[in-house]
Amino acid sequence: MPKRQLVEKILALKAERDAIILAHNYQPPEIQDVADRLGDSLDLSRFAASASEKVIVFCGVHFMAETAAVLSPEKTIILPEPTAGCPMADMMCAEDLVALKMKHPGSVVVTYVNSTAEVKAETDFCCTSANALRVVQAVPEGKTIIFGPDKYLGGWVTEQTGRKMILWQGYCPTHQKIHPEHIQEQRRIHPGAVVMVHPEVNPAITSLADVVLGTGGMIAYVEKSSVREFVVGTETGMIHRLQKKFPDREFFAATKHALCPNMKKIALEKVAQSLESLGPVIGVEPGIAERARRALRAMLEIS
Ligand code: 13P
Ligand code: SF4
């Protein structure tokens, strides 16, 4: 079906089903363009919790749809491609976390939202890239903090807050595709540009950047800045988001190889199909959801 017809079909089905389409900033351009709401992990979880529609089509990866399902158990949460997972989230399992907590009685667990609902259920505070510093700072001094799954986000938070933490050894394979030479090369080509990188990159990259920000933070930074050119060290979907929002500025990907294959599994055909069949539905076992919700609400209260 031609793209225009597909988009029309999605818009008609959306109204019929009382649905809303949420999309993460890393989604393919055509998905970003059809979404009702685009955002980072924090924006989207807040929005999912307050949306009045009965159905949420979540264009992102599994943990994002699962977070929406935990926060809005009364709504139908659909992930158009159920195999769109996050390899970093899969690097941490609840059993291993429970074992680590037993080794450190009295510790406080801060978990990146890029995690499974089972891991969140064993967590005291969730965090996203937008609020990780605030959340860790809210933990009383003297408490042992277990942070996971992202060792690079955790390392950056340690550097910024001075809080020592036990770090899980997970990482994002997509952000590891950004190498120091990419940043050096982009600086050489665009000497006046501000270099913005996501805290999921490794420290060899953050040390070369001008600012370290989550995807929502990047948008807010550009909004306030008078600079015209930006090098963007994160998943490449972010370039479409920024370029569309700020047509008078120029954005350059640190490398076009930083592409999250899972984020790119969502396509217009799958969105149309999922609105038609009202599936695949993402659900969370109520006992797990209740405990995971506590950790997410603890985060939402801080931010
Ligand atoms: P943001 O919360 O900054 O959008 O990041 C989500 C993510 O998956 C980064 O890889
Ligand atoms: Fe997970 Fe990395 Fe993809 Fe984000 S970019 S969803 S952290 S694999």
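Conventions and cut-offs
- Residues numbered from 1 in each chain as written.
- Chains lettered and ligands numbered in written order.
- Predicted model: local features only at pLDDT ≥ 70, side-chain atom pairs only at ≥ 80, totals over all residues.
- Heavy atoms only, no water.
- Near = heavy atom within 4 Å.
- 1 Å grid on protein atoms, 1.4 Å probe; cavity = no way out; pocket = protein on both sides within 12 Å on 5 of 7 lines; lining within 4 Å.
- Sits in = over half its atoms within 2 Å of the grid points.
- Nonpolar A, V, L, I, M, F, W, Y, C, P; charged D, E, K, R; others polar.
- Helix = DSSP H or I, 4+ residues; strand = E, 2+ residues; numbered from the N terminus.
- Salt bridge = Lys/Arg side-chain N within 4 Å of Asp/Glu carboxyl O.
- Buried < 20%, exposed > 50% of the residue type's maximum accessible area, 1.4 Å probe, protein only.
- Pairing = 2+ DSSP bridges.
- Contact = heavy atoms within 4.5 Å.
- Axes fitted to C-alpha atoms, helices over the stretch in contact; angles between N-to-C directions.
- Points joined across faces, edges and corners; volume = space filled by probe spheres on them.
- Polar contact = N/O pair within 3.5 Å; in protein donor to acceptor, adjacent residues only side chain to side chain.
- Areas by Shrake-Rupley, 256 points an atom, 1.4 Å probe, with all protein chains shown as cover.
- Patch = residues over 30% accessible without salt bridge, like charges linked within 9 Å, V, L, I, M, F, W, Y side chains within 5 Å.
- Lys, Arg positive; Asp, Glu negative; His and termini not counted.
- Charge placed at Lys NZ, Arg CZ, Asp CG, Glu CD.
- Core = buried A, V, L, I, M, F, W, Y, C linked by side-chain atoms within 4.5 Å.
- Right-handed = clockwise from strand over helix to strand, strands pointing away.

K.L.:
Outline the site of ligand 2, listing residues and values.
P.N.:
Around ligand 2 sit Tyr-26, Val-61, Cys-86, Pro-87, Met-88, Asn-114, Cys-172, Glu-200, Cys-260 and Met-263, and that is every residue in its neighbourhood. With respect to the detected pockets, ligand 2 is housed in the largest pocket. When grouped by side-chain class, the residues that make up the shell around ligand 2 number eight nonpolar, one polar and one charged.

K.L.:
Go over the environment of Pro-180, please, and point to the residues and values.
P.N.:
Note on placement: Pro-180 falls in helix α9 (residues 180-189). Distance in space between the C-alpha atoms of Pro-180 and Pro-203 is 9.8 Å, their sequence separation being 23 residues.

K.L.:
So what's going on with the pattern of salt bridges? Which residues, and what values?
P.N.:
A complete count under the given rule lists 13 salt bridges for this structure. Residue Glu-276 is joined to Lys-9 by a salt bridge in which the shortest nitrogen-to-oxygen separation is 3.5 Å. Taken together, the residues span a long stretch of sequence, with Glu-276 in helix α13 (residues 268-277) and Lys-9 in helix α1 (residues 3-17) at a distance of 267 residues. A relative accessible area of 27% places Lys-9 in the partly exposed class. Ionic pairing is found between Glu-235 and Lys-264, a salt bridge with its closest N-O pair at 3.0 Å. Highlighted residues: Glu-235 in the loop between β11 (229-233) and α12 (237-245) and Lys-264 in the loop between β12 (250-253) and α13, separated in sequence by 29 residues. Take Lys-264: its relative accessible area is 26%, and that puts it in the partly exposed class. Where salt bridges share partners, they join Lys-101, Glu-122 and Arg-291 into one cluster.

K.L.:
So what's going on with the sheet that holds β11? Which residues, and what values?
P.N.:
Taken in spatial order, the four strands line up as β10-β9-β11-β12 in an open sheet, and their pairing is parallel. The open sheet has two free edges, formed respectively by β10 (211-212) and β12, since each of these has just one partner strand. On top of the sheet, helix α11 (residues 215-224) reaches β9 (194-197), β10, β11 and β12; it is set at about 160 degrees to β9, its chief contact. In the packing of α12 onto the sheet, contacts are made with β9, β11 and β12, and the angle to β12 comes to roughly 180 degrees.

K.L.:
Lay out the layout of surface pockets with the relevant residues and their values.
P.N.:
Each pocket or cavity is described by its volume, and for the largest pocket that value is around 300 Å³. Along the wall of the largest pocket there are 29 residues; nearest its centre are Tyr-26, Asn-114, His-175, Glu-200 and Met-263. Of all the secondary-structure elements, those providing two or more residues to the lining of the largest pocket are α3 (41-50) and α4 (62-71). In terms of residue class, the lining of the largest pocket is built from 15 nonpolar, ten polar and four charged. Of the volumes computed, that of the second largest pocket is approximately 160 Å³. In this structure, the second largest pocket is lined by 14 residues; those nearest its centre are Ser-129, Ala-130, Asn-131, Leu-213 and Gly-214.

K.L.:
Give me the lowdown on the site of ligand 1, citing residues and values where you can.
P.N.:
Contacts to ligand 1 come from His-24, Tyr-26, Asp-40, Ser-41, Asn-114, Ser-129, His-175, His-198, Glu-200, Gly-214 and Thr-215. Note that an oxygen atom of ligand 1 is positioned 2.6 Å from one of the side-chain N or O atoms of Ser-129. Between Thr-215 and ligand 1, the recorded distance is 2.6 Å, taken from a side-chain N or O atom to an oxygen atom. Considering ligand 1 on its own, with 310 Å² of exposed area, one finds that the protein chains cover 96% of that surface.

K.L.:
Tell me what's going on with a negative patch on the surface, and back it up with residues and numbers.
P.N.:
Together, Glu-95, Asp-96, Glu-118 and Glu-285 make up a negatively charged patch on the protein surface. Its place among the elements puts Asp-96 in helix α5 (residues 94-103).

K.L.:
Could you give an account of the side chain of Glu-66, naming the residues involved and the relevant values?
P.N.:
Its place among the elements puts Glu-66 in helix α4. Of the side chains with opposite charge, Lys-120 lies nearest to the buried Glu-66, which makes no salt bridge, at 5.0 Å.

K.L.:
Any chance you could break down the nonpolar core for me, citing the residues and the numbers?
P.N.:
One finds Val-110 and Val-271 to be the most contacted residues of the largest nonpolar core, which totals 84 residues. Dropping the residues within four chain positions of it, Val-271 is found in contact with Ile-10, Ile-21, Ile-31, Val-57, Cys-59, Pro-80 and Ile-266. Core analysis: the next-biggest nonpolar cluster, separate from the first, contains 14 residues, Leu-213, Met-218, Ile-219 and Leu-242 among them.

K.L.:
Could you give me a rundown of the environment of Ala-193, with the residues and numbers involved?
P.N.:
Mapped onto the elements, Ala-193 comes out in the loop between α9 and β9. Among the residues examined, Ala-193 registers a relative accessible area of 7% and is labelled buried. Residues Ala-193 and Asp-210 lie 17 residues apart in sequence; the distance between their C-alpha atoms is 9.5 Å. Residue contacts for Ala-193: discarding those within four places in its chain leaves Arg-187, Asp-210, Glu-229, Phe-230 and Val-231.

K.L.:
Requested: an account of α12, with residues and values cited.
P.N.:
Three or more residues of α12 are buried, namely Gly-237, Met-238, Ile-239, Arg-241 and Leu-242. Residues of α12 that are buried in the fold lie against α2 (29-34), β2 (37-39), β9, α11, β11 and β12.

K.L.:
Explain the pairing of β12 to me, using residue names and the numbers behind them.
P.N.:
Taken together, the four bridges between β11 and β12 define a ladder with parallel strand orientation. In the sheet register, Val-231 faces β12, and the bridge partner there is Phe-252. Each parallel crossover has a hand, and the one from β11 via α12 to β12 is right-handed.

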